[in-house]
Amino acid sequence: MLELDVDRGDGRFQRRAVDEVDRRMLTELSKDGRLSMRALAERVHVSRAGCYTRFERLRREGVITGFVAVIDPRRVGPTVSAHVYVKISQHSWKDVRRALKLIPEVEHGALVSGEYDLVLFVRTRDADSLRELVLDRLQTMADILSTHTILVFDEL
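Here the structure is a predicted model, which means the values were calculated and not measured.

Visitor: Explain the overall build of the protein chain here, please?
Guide: Secondary structure assignment for the protein chain yields 6 helices and 6 strands. In the protein chain, the succession of helices and strands from N to C terminus is β-β-α-α-α-α-β-α-β-β-α-β. Since a compact globule built from 156 residues should have a radius of gyration of about 15 Å, the 20 Å found for the protein chain marks it as more spread out than a globular shape. Seen through its C-alpha atoms, the protein chain measures out along the principal axes to roughly 55 × 40 × 25 Å. When burial is assessed residue by residue, the protein chain has 31% of its 156 residues classed as buried.

As C-alpha cells, then:
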C-alpha cells in the first residue's frame, strides 16, 4: 500500500495510507484533469458520491493541489530549451532559489547531488536570449560560482 504525507492544515504533515481507489483516481486525473466526476467514478469503479467524497478529501489534504493546461511551448512561445547545471556558494541555495523564481525563463529547477548543486530547465526565444540569460543574468548572480549549459535538441 502506498503512503503519502498529507497537510494537516497547521503547516505540519501526517502520513496516511493511499488505497488502490485513491491511487487509480490520481492516475486518471494526472492523465486528464478535466474528467467529470461521473467519468472518473466510472473509470475507477466507485459511485459518483464516493468519488466526489474521495476527491474532496484528496484536495483538502493537499494531495491534489490544482489543475493546469499543458501547452506545447514550441507552438506558442520560446523555442530554445536548455538544461543549465549550476554550482553555488555553500549554504546559499535558499537565496539562489528565491532569485531564480523571479526569472520567467526558468521553467523548472532542482537541488541535486553530485558535481553541480542545481539543475535548471530554461526556455528562451532564441540563442541570443539563452546567451543573455546564462552570461548576463545567471553568471552575474553573487552566489552562482559557475554554470554548464546543455542545449536540448528535442523533447521526448
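Visitor: Sorry if this is basic, but what is going on with the side chain of Arg 123 here?
Guide: Position of Arg 123 among the secondary structure elements: in strand 5 (residues 118-124). Since its relative accessible area comes to 8%, Arg 123 is described here as buried. Within the local environment of Arg 123, its side chain forms a polar contact with the side chain of Ser 81, the two groups lying 2.9 Å apart. If we ignore the near neighbours within four places in the chain, the residues touching Arg 123 are Pro 73, Pro 78, Val 80, Ser 81, Glu 105, Glu 107 and Glu 155.

Visitor: Just checking my understanding: could you explain the sheet that holds strand 6 (residues 144-152) for this structure?
Guide: Two pairing modes exist for strands in a sheet, parallel and antiparallel, and in both the strands are linked by backbone hydrogen bonds. Taken together, 4 strands build an open sheet; the order of strands is 4-5-3-6 and the sheet is antiparallel. For this open sheet the edge positions go to strand 4 (106-111) and strand 6, each flanked by a neighbour on one side alone. For this sheet the average axis-to-axis angle between neighbouring strands, irrespective of direction, equals 20°. Looking at chain direction, strand 4 and strand 5 are connected through 5 bridges and run antiparallel. Of the residues in strand 5, the one forming a bridge with Val 106 is Val 122. Sheet strands touched by helix 6 (residues 127-138): strand 3 (80-88), strand 5 and strand 6. Its angle to strand 5, the strand with the most contacts, is close to 140°.

Visitor: Can you walk me through the packing of helix 2 (residues 37-44) against helix 3 (residues 48-60) in this structure?
Guide: Running from N to C, helix 2 and helix 3 point in directions that differ by 100°, and their axes come no closer than 9 Å. Relative to helix 3, helix 2 is oriented roughly perpendicular. For the pair helix 2 and helix 3, contact is made by Met 37, Arg 38, Leu 40 and Ala 41 and by Arg 48, Cys 51, Tyr 52 and Phe 55, respectively. Class assignment for the residues of the contact of helix 2 with helix 3 results in 6 nonpolar, no polar and 2 charged.

Visitor: Honestly, the packing of helix 1 (residues 20-31) against helix 2 in this entry has me stumped. Any pointers?
Guide: The axes of two packed helices give the description: the angle between them and the distance between them. Where helix 1 meets helix 2, the closest approach of the two axes is 10 Å, and the angle between their N-to-C directions is 125°. In this view, helix 1 runs oblique relative to helix 2, as classed from their interaxial angle. Where helix 1 crosses over helix 2, the handedness of that crossing is right-handed. Judged by residue contacts, Val 21, Arg 24, Met 25, Glu 28 and Leu 29 of helix 1 engage Leu 40, Arg 43 and Val 44 from helix 2. Residue composition of the contact of helix 1 with helix 2, grouped by class: 5 nonpolar, no polar and 3 charged.

Visitor: Just to check I follow, could you spell out the packing of aromatic side chains for this structure?
Guide: Aromatic ring pairs are defined here through the distance separating the ring centres and the angle between the ring planes. This model, assessed by the stated rule, comprises 2 aromatic pairs. A centroid spacing of 6.2 Å and a plane angle of 20° characterise the contact between Phe 55 and Phe 67, whose relative ring orientation is stacked. Placement of Phe 55 in helix 3 and of Phe 67 in the loop between helix 3 and helix 4 (73-76) is noted, with a sequence separation of 12 residues between them. Judged by relative accessible area, which is 43%, Phe 67 ranks as partly exposed. Directly above the aromatic system of Tyr 116 lies the positively charged group of Lys 87, at a separation of 5.4 Å from the ring centroid.

Procedures and definitions
- Residues numbered from 1 in each chain as written.
- Predicted model: local features only at pLDDT ≥ 70, side-chain atom pairs only at ≥ 80, totals over all residues.
- Heavy atoms only, no water.
- Helix = DSSP H or I, 4+ residues; strand = E, 2+ residues; numbered from the N terminus.
- Rg over C-alpha atoms; globule rule 2.2 N^0.38 Å.
- Buried < 20%, exposed > 50% of the residue type's maximum accessible area, 1.4 Å probe, protein only.
- Polar contact = N/O pair within 3.5 Å; in protein donor to acceptor, adjacent residues only side chain to side chain.
- Contact = heavy atoms within 4.5 Å.
- Pairing = 2+ DSSP bridges.
- Axes fitted to C-alpha atoms, helices over the stretch in contact; angles between N-to-C directions.
- Parallel < 35°, antiparallel > 145°, perpendicular 65-115°, else oblique.
- Nonpolar A, V, L, I, M, F, W, Y, C, P; charged D, E, K, R; others polar.
- Left-handed = near helix turned anticlockwise from the far one by under 90°.
- Phe/Tyr/Trp six-rings, centres within 6.5 Å; stacked < 30°, edge-to-face > 60°.
- Lys NZ or Arg CZ within 6 Å of the ring centre and 35° of its normal.

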